[in-house]
Amino acid sequence: MTEIITKKVVANEEDLNRDPLTGTLGAHPLGTGAGAASGGVAGAAVGMAMGGPVGSVIGAAVGAVAGGLAGKSAAESANPTAEERFWRETYIREPYYVKGRTYEYYAPGFRAGWEGRVRHDGRTFEAAEPELKVNYDLAKSELDPGWHEVRPAARAAWERVDRSWKGTL
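Scope of this entry: the structure provided in the associated data block. (Residues numbered from 1 in each chain as written. Predicted model: local features only at pLDDT ≥ 70, side-chain atom pairs only at ≥ 80, totals over all residues. Heavy atoms only, no water.)

Some words on helix H3 (residues 103-119)
Thinking step 1. With 17 residues, H3 ought to run about 24 Å at 1.5 Å a step, and its terminal C-alpha atoms sit 24 Å apart, in line with that.
Thinking step 2. Roughly 25° is the biggest bend found in H3, and it falls at Gly109.
Thinking step 3. In terms of residue burial, H3 counts as a mostly covered element, since 13 of its 17 residues are buried. (Helix = DSSP H or I, 4+ residues; strand = E, 2+ residues; numbered from the N terminus. Expected span 1.5 Å × (residues − 1). Bend = angle between axes of the 7 residues up to and from the residue. Buried < 20%, exposed > 50% of the residue type's maximum accessible area, 1.4 Å probe, protein only.)

Structure follows, in structure tokens:
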């Protein structure tokens, strides 16, 4: 007797965003870490005001867990694989595109924008820009363009993630 085996493919493997250590789907260490850090600081401040040093420790722990979960949720709407694919396919239609420049020229700017939007949730691009620039300058290679050259790409990627979070994409 012949056995029929069917397999349903729900997504490309690279789109599953697996945790590099556990293989769990939907891993977002950047967003989770950013949320945990900001939640922990906020929780510690509230705990200190309400319960002194012991309250501060408890508040930091509770805030870190809540912030981490919120950060993971926020990061899920900024899938790096999907963002890279989108920008690789559309960068030549952007108003700042200079004929002859490759995706690789703009890629560090796009990355700074979408990662920055996750890290700086609740802030505007302008408010976060000084930190975005510092982080970009620290991470870029000697061959990567300067911040002023990729700033429009970073802003475009920031705004795309922002629209995604607001449900207007």
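Observations concerning the nonpolar core
Thinking step 1. Core analysis: the largest hydrophobic core is formed by 15 residues, its most contacted members being Trp87, Tyr96, Tyr103, Tyr106, Phe110 and Trp114.
Thinking step 2. Among the elements of the structure, H3 and helix H5 (147-166) are those that each provide at least two residues to this core.
Thinking step 3. Take this core: its biggest share by element is seven residues, from H3.
Thinking step 4. Leaving out residues up to four positions away in the same chain, Tyr96 has contacts with Trp87, Tyr106, Phe110, Pro152, Ala153 and Ala156.
Thinking step 5. Of all hydrophobic cores here, the second largest spans nine residues; its members include Phe125, Tyr136, Val150 and Trp158. (Core = buried A, V, L, I, M, F, W, Y, C linked by side-chain atoms within 4.5 Å. Contact = heavy atoms within 4.5 Å.)

Here we look at the environment of Glu129
Thinking step 1. Checked against the element boundaries, Glu129 lands in helix H4 (residues 125-139).
Thinking step 2. With 13 residues separating them in the primary sequence, Glu129 and Gly116 have C-alpha atoms 8.8 Å apart.
Thinking step 3. Other than its neighbours up to four places away in sequence, Glu129 contacts Trp147 and Arg151.
Thinking step 4. One polar contact links Glu129 to Trp147, side chain to side chain, over a distance of 3.0 Å. (Polar contact = N/O pair within 3.5 Å; in protein donor to acceptor, adjacent residues only side chain to side chain.)

Here's the deal with the side chain of Arg117
Thinking step 1. Examined against the element boundaries, Arg117 turns out to sit in helix H3.
Thinking step 2. In this structure the side chain of Arg117 is engaged in a polar contact, spanning 3.1 Å, whose partner is the side chain of Asp121.
Thinking step 3. One polar contact links Arg117 to Asp162, side chain to side chain, over a distance of 2.7 Å.
Thinking step 4. Look past the residues within four positions of Arg117 in its chain and what remains in contact with it is Gly122, Trp158, Val161, Asp162 and Trp165.

Regarding the pattern of salt bridges
Thinking step 1. In the structure shown here, the tally under the stated rule is 10 salt bridges.
Thinking step 2. Of the charged contacts in the structure, one is a salt bridge between Arg88 and Glu84, with a shortest N-O distance of 3.1 Å. Residue Arg88 and its partner Glu84 are located together in helix H2 (residues 80-90), separated by four residues, close to a single helical turn.
Thinking step 3. Put simply, Arg155 and Glu159 hold a salt bridge, and the shortest N to O gap is 2.8 Å. On the criterion of helical spacing, the pair formed by Arg155 and Glu159 is a turn pair, its members being four residues apart in helix H5.
Thinking step 4. Judged by relative accessible area, Glu159 falls into the partly exposed class, the value being 30%.
Thinking step 5. Shared partners join several salt bridges into a network, and the residues in it are Glu84, Arg88 and Glu104. (Salt bridge = Lys/Arg side-chain N within 4 Å of Asp/Glu carboxyl O.)

None of the figures reported here should be taken as evidence of function without further support.
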